[in-house]
Structure formats: C-alpha cells, structure tokens
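# Structural features, examined
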Amino acid sequence: MNMRNFKRGLFLAAISLILFSSLISAEIIISQPESIYNKGDMFEISIDVSSPLKDTNDFLKVNMICGDETIELFKSPVSLKKEEHKTVQISTALGRFLIGSAQGECRLKAEYDSEIAESISFEVTSSVDVSLSIEGVVFEPGKEVFVSGEAKKSKELPFEGFVEVSVEGIEYNFTGTITTGKFSFNFSIPDDAPAGEYKVEERAYEKDSFGDIINEGKNSNVLKIKSVVKGVEIALSDQTINPEKELSYTIVVYDQSKKTIETDVSVSLYDPNGEIVKKYIARSGIANTLSFESNTTPGYWNIKTKNGNFEKERNFYFEEYRKLSYKLIGDILEIRNIGNVPFSGPI
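All values derive from a computational prediction rather than experimental measurement. (Residues numbered from 1 in each chain as written. Predicted model: local features only at pLDDT ≥ 70, side-chain atom pairs only at ≥ 80, totals over all residues. Heavy atoms only, no water.)

### Overview of a nonpolar patch on the surface
Spelled out, the test is: Without a salt bridge and with relative accessible area above 30%, a residue can belong to a patch; like charges are then joined within 9 Å and nonpolar side chains (Val, Leu, Ile, Met, Phe, Trp, Tyr) within 5 Å. Method for areas: the Shrake-Rupley scheme with a 1.4 Å probe, in which residue coverage is limited to the protein chains shown. We count a salt bridge whenever a side-chain nitrogen from Lys or Arg sits within 4 Å of a carboxyl oxygen from Asp or Glu. Per the convention used, a helix needs a DSSP run of H or I reaching at least four residues, while a strand needs a run of E reaching at least two, with both numbered from the N terminus.
Together, Tyr 326, Leu 328, Leu 333, Ile 335, Phe 343 and Ile 347 make up an exposed nonpolar region whose accessible area comes to about 640 Å². Residue assignment for the nonpolar patch shows that the elements contributing at least two residues are strand S27 (324-329) and strand S28 (332-337). Relative to the assigned elements, Ile 335 resides in strand S28.

Encoded structure:
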C-alpha cells in the first residue's frame, strides 16, 4: 500500500468513527444481579445512565423478561446534561403483586434515549429445599419418634414459613412453623400400627401478605415399624379325645395388629397329675398332632406354650377307655386289659 492510499484509509476511518460516535447519545450500565432469587426475595439493582455527547431528556424504562412474560420494574423521566451520569437504584420485592406467576430464567432490559442494555440471565424460583431427619431406624408400636428438619431457599437464606408432615398408613398429620429454617416435633406410633415401611411426606411452604403460597418444597422419608409379639393362642381340634383319635393343635402367635407371626415356640404337655410328659419346640402357624397310647391316663390334660413373656394354656379331656386284647397261645387264651381304667364285667 502506498502512502497516498494509507492516508486516505485513515481519513475514512476517522470519518466513520466520528459518525458512529455521533449516534451514541447515551450509555446504560446495569449492575450484575445475583444468580438466583426466590419469589418474595428483595431484588436490588442499580442502573447507571450517562449522556457523553449532549443534553438528554427521556424516560428510563427497565423491564424484567422471563420467558414470554415482560414485567415493568421501573419507568421514570431522567434528565442528563452533556457528560453527566446518574445512578438509579431499584429495590423491590419479587412478590405476587409484581411478577405474578413468572419464574424461570429471566433478564433485565433497560432503555433510554434509543439505547438498550441487557443484564446477564438470572433465575427466579419458587422452590424450597426441605429435609427431614428421624432419630432411629426401626420403631416398636407405642414408641415416641423425634423428628427434626430444615428448610432453605435458593440463596441459603433463613426460611420462615410452615411445615406439614404426614405418615401414610397410620393417619398421622402434623402442621407447625419453621423458624430460622428449622423445625422439630414428636409423635407416638399407635399401639396397633401394623409392621412394615411407612412413607413420611414433608412439605414446607411460605406465604405472602395476601396469604398465598409463593415458595414451596416437598420431600419424603421412610419410617419402619417392627412386628412385636402381643399374644399367643392355642387352637385345638377337639376338647375330648381317646386313643383312637389324634389331637390336632396349632399355636397362633400374633403381633400388635393381630397379624399372625410364624416363629418358634416352646410347647409343654402335662398329664392330669401335673407332670410334664413332653417338652419340645414347635413352629407357630403350622398344624401339629399328638397321638396317645391306649393306656394313657384319663382326665384333664394340659398343653402350654410360651413365646417371650407371653404364655397360653389349654385343657383337653382324655376319655376313659375300656378295651381288652385276646391272644390264643396253644390251648391258653390270654386276655389283657389294654384300656386306661380297671376292667370289670363279663368276658
């Protein structure tokens, strides 16, 4: 490039710069918003406006744009002298009255004297992080449960609001307040609550001055209730028997909700004199049988069972049994009493 063309290029560049500069009537600088806000949070931002080349009179308009929704945050006349700048402070709560249902990714758009400036994106949310801690893992019916929890908004600000906790299956519901982000309460498990896992649902929420819920969060935990033996029973097939019949019996062990439990139980059999005839381990919920010799002592027999601190006994009557046996040995007829009472009468 020769010197003549170089000078011509500089001249054209200078003209373009002058023309471009003359178009710039104002400058707008938006301070950086925080990355996330909850509904109801204070929103504070500053807008710096200057007019480097001339006196300017116009409305400064600031809108918040969230998706398809545009919310007017600020509109006011601003007068500037040449090379003067002013800072406008915007401080407002992001309440229902201002942003309604708008949330998600948002940005600010400021306009003044044909100039437009936009902020970086930020998020407006209504979510709350809620967590719940249960002291213990498995609980017995009738026991006390201590529960504590925390609730936080997006900027880790202390949460002031309400909490609702429900336990499905035992129809327990709790409503309380959250103070500086914390809450706690106690409740008792019903004595007859069936064993199993129960879903614990928690909900934390915040209301505005109109009583409307503006921020809300949900979570869930699991509470386990164990099966506890609350009693034993003995089911007998008959109240009276003899050697020609077997006695069928079933040991029934049930828990706090009357649900049967299959477990090992001790069984003792007593004769009419109160002496232990047999002692063994049986399985509950399964039918067992007892057979007797023909010479078994007649009278009231007793069967007892035990599981932990729970015992049960049942009586049954063994009938008098008269029977002879006959056996021919050569020329001799042997007659024996195989019953359980002395025999008298014709042969």
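Resuming the write-up.
### Digging into the side chain of Asp 271
Put simply, the rule reads: The rule is simple: take the accessible area with a 1.4 Å probe, protein chains only, and divide by the maximum for that residue type; under 20% is buried, over 50% is exposed, in between is partly exposed. The charged-residue count follows a simple rule in which Lys and Arg add positive charge and Asp and Glu add negative charge, with His and chain termini not counted at all. Contacts described as polar in this section are N or O atom pairs within 3.5 Å, which, within protein, must combine one atom able to donate a hydrogen with one able to accept it, while residues neighboring in sequence count only if both atoms come from side chains.
Among the secondary structure elements, Asp 271 is positioned in the loop between strand S22 (264-270) and strand S23 (276-283). One buried charge, Asp 271, has no salt-bridge partner; the nearest side chain with opposite charge is Lys 304, at 11 Å. A distance of 2.9 Å separates the side chain of Asp 271 from the backbone nitrogen of Asn 273, its partner in a polar contact. A polar side-chain atom of Asp 271 sits 2.9 Å from the main-chain amide nitrogen of Glu 275.

### Digging into the sheet that holds strand S13 (residues 161-167)
Short version of the rule: DSSP calls a pair of strands paired once it identifies at least 2 bridges connecting them.
Spatially, the 5 strands line up as an open sheet ordered S11-S17-S16-S13-S14, and their pairing is mixed. Unpaired on one side and paired on the other, strand S11 (138-139) and strand S14 (172-178) mark the two borders of the sheet. Across 7 bridges, S13 lies against S14 in antiparallel orientation. If you follow Glu 164 over to S14, its bridge partner there is Thr 175.

### Things to note about the packing of aromatic side chains
Keep this limit in mind: Pairing of aromatic side chains requires ring centres within 6.5 Å, counting the rings of Phe and Tyr and the six-membered ring of Trp. Pairs whose planes differ by under 30 degrees are stacked, by over 60 edge-to-face, and all others tilted.
A complete count under the given rule lists 12 aromatic pairs for this structure. Considering the side-chain rings of Tyr 172 and Phe 185, the 6.4 Å spacing of their centres and the 20 degrees angle between planes classify their relative orientation as stacked. A residue pair is termed long-range when its members are at least 10 positions apart, and Tyr 172 in strand S14 and Phe 185 in strand S15 (residues 182-188) qualify at 13 residues. Note on accessibility: Tyr 172 and Phe 185 belong to one class, buried. Feature note: the residues Tyr 172, Phe 174, Phe 185 and Phe 187 constitute an aromatic cluster, connected by ring pairs.

### Here's the deal with the pairing of strand S25 (residues 299-307)
By the bridge criterion, 5 bridges tie S22 to S25 in an arrangement that is antiparallel. When the sheet's bridge partners are listed, Val 267 is paired in S25 with Thr 305. As defined by bridge partners, S25 adjoins strand S26 (residues 310-318) across 9 bridges and the pair is classed as antiparallel. Residue Trp 301 lies in a different strand from S26, and its bridge partner there is Phe 316. Here S25 folds back onto S26 in antiparallel fashion, the turn holding 2 residues, of which Gly 308 has a positive phi close to 65 degrees.

### Some remarks on the confidence of the model for the chain
Detailed reading of predicted coordinates is not advised where the pLDDT is low. The following threshold applies: Summary of the metric used: pLDDT quantifies the predictor's per-residue confidence within the range 0 to 100. Contacts are residue-level and defined by heavy atoms, with any inter-residue pair within 4.5 Å sufficient.
Taken as a whole, the chain shows an average pLDDT of 89; of its residues, 93% reach a score of 70 or greater. Within the chain, helix H1 (residues 3-23) has the poorest average pLDDT of any element, 43, and strand S7 (residues 104-112) the best, 97. Taken as a whole, residues 3-22 scores under 50 in pLDDT and shows 3 contacts with residues more than four places along the chain or in a different chain.

### Considerations on the side chain of Asn 215
For Asn 215, the location among the structural elements is in strand S17 (residues 213-225). Judged by relative accessible area, Asn 215 falls into the buried class, the value being 0%. Within polar-contact distance, the side chain of Asn 215 engages the side chain of Asn 38 at 2.8 Å. Within the structure, Asn 215 has its side chain in polar contact with the side chain of Glu 206 (distance 2.7 Å). Excluding residues that lie within four positions of it along the chain, Asn 215 makes contacts with Asn 38, Lys 39, Thr 125, Ser 126, Ser 127, Val 128, Lys 153, Ala 204, Tyr 205 and Glu 206.

### Description of the nonpolar core
Keep this limit in mind: To form a nonpolar core, buried Ala, Val, Leu, Ile, Met, Phe, Trp, Tyr and Cys residues must be joined to one another through side-chain atoms within 4.5 Å.
Phe 43, Ile 47, Leu 60 and Met 64 are the most contacted members of the largest nonpolar core, which totals 30 residues. Contributions of two or more residues to this core are made by strand S1 (27-30), strand S3 (42-51), strand S4 (56-66), strand S5 (69-80), strand S6 (84-93), helix H2 (96-99), S7 and strand S9 (122-125). Looking at this core element by element, the count peaks at 5 residues for S5. Leave out the neighbours within four places in its chain, and Leu 60 touches Ile 47, Val 49, Phe 74, Lys 75, Ser 76, Val 78, Val 88, Glu 111 and Tyr 112. One finds Ile 134, Val 163, Val 165 and Phe 185 within the second-largest nonpolar core, a separate group that totals 26 residues.

### Quick look at the state of the cysteines
We count it as follows: Any pair of cysteine sulfurs within 2.5 Å is marked as a disulfide.
For the structure on display, the rule yields 1 disulfide. Here Cys 66 is linked by a disulfide to Cys 106, with a sulfur-sulfur distance of 2.0 Å. Note on the Cys 66 and Cys 106 pair: the S-S dihedral is about 115 degrees, so by sign convention the disulfide is right-handed. Highlighted residues: Cys 66 in strand S4 and Cys 106 in strand S7, separated in sequence by 40 residues. Of the two residues, Cys 66 and Cys 106, neither departs from the other in class, the shared state being buried.

### Details of the environment of Lys 82
Summarising the element assignment, Lys 82 is placed in the loop between S5 and S6. A C-alpha to C-alpha distance of 136 Å links Lys 82 and Asn 337, two positions 255 residues apart in sequence. Excluding residues within four positions of it along the chain, Lys 82 makes contact with Ser 51, Pro 52, Leu 53, Lys 54 and Asp 55.

### Structural notes on unusual backbone geometry
Unusually for a residue other than glycine, Ser 114 sits at a positive phi of about 70 degrees. Within the secondary structure layout, Ser 114 lies in the loop between S7 and strand S8 (115-118). For Thr 180, which is not glycine, the phi torsion reads 45 degrees and is therefore positive. Note on placement: Thr 180 falls in the loop between S14 and S15.

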